[in-house]
Amino acid sequence: MTIVLSVLNEGEVFIVKELDPKTITYLERNIEGLMIKTDNSQGVVGLKYITLPKGYKIKIEDKLIKISFPEGKIKKGPINIIY
């Protein structure tokens, strides 16, 4: 089960627990400059700090993580991750 813990810096960084490895691989292939750091904090194991390049936006809706590409750069729709 994925748990979104927080979204920081106008949607450029989000922190999740237990994101599917296939989803991580998909994000790495489709977002150039993506940085992912795995950490343990205050007894919580497997936190992932996901940092998107400048211009990307993250919105968390009901059971959905929506990552929008920068306007004008890439002609792709948003990436939707259901959790």
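Look a little higher up for the structure.
This brings us to the sheet that holds strand S7 (residues 79-82). The 3 strands lie next to each other as S5-S6-S7, forming an open sheet whose pairing is antiparallel. Edge strands, defined here as strands with exactly one partner in the open sheet, are strand S5 (57-61) and S7. Averaged over all pairs of adjacent strands, the angle between their axes in this sheet comes to 15°, without regard to strand direction. Where strand S6 (residues 64-68) lies against S7, 4 bridges are found, and the strand directions are antiparallel. Opposite Ile65, over in S7, you have Ile81 as the bridge partner. Against the sheet, helix H1 (residues 21-30) contacts S6 and S7, and its axis sits at roughly 170° relative to S7.

Definitions and cut-offs
Residues numbered from 1 in each chain as written. Predicted model: local features only at pLDDT ≥ 70, side-chain atom pairs only at ≥ 80, totals over all residues. Heavy atoms only, no water. Pairing = 2+ DSSP bridges. Helix = DSSP H or I, 4+ residues; strand = E, 2+ residues; numbered from the N terminus. Axes fitted to C-alpha atoms, helices over the stretch in contact; angles between N-to-C directions. Contact = heavy atoms within 4.5 Å.

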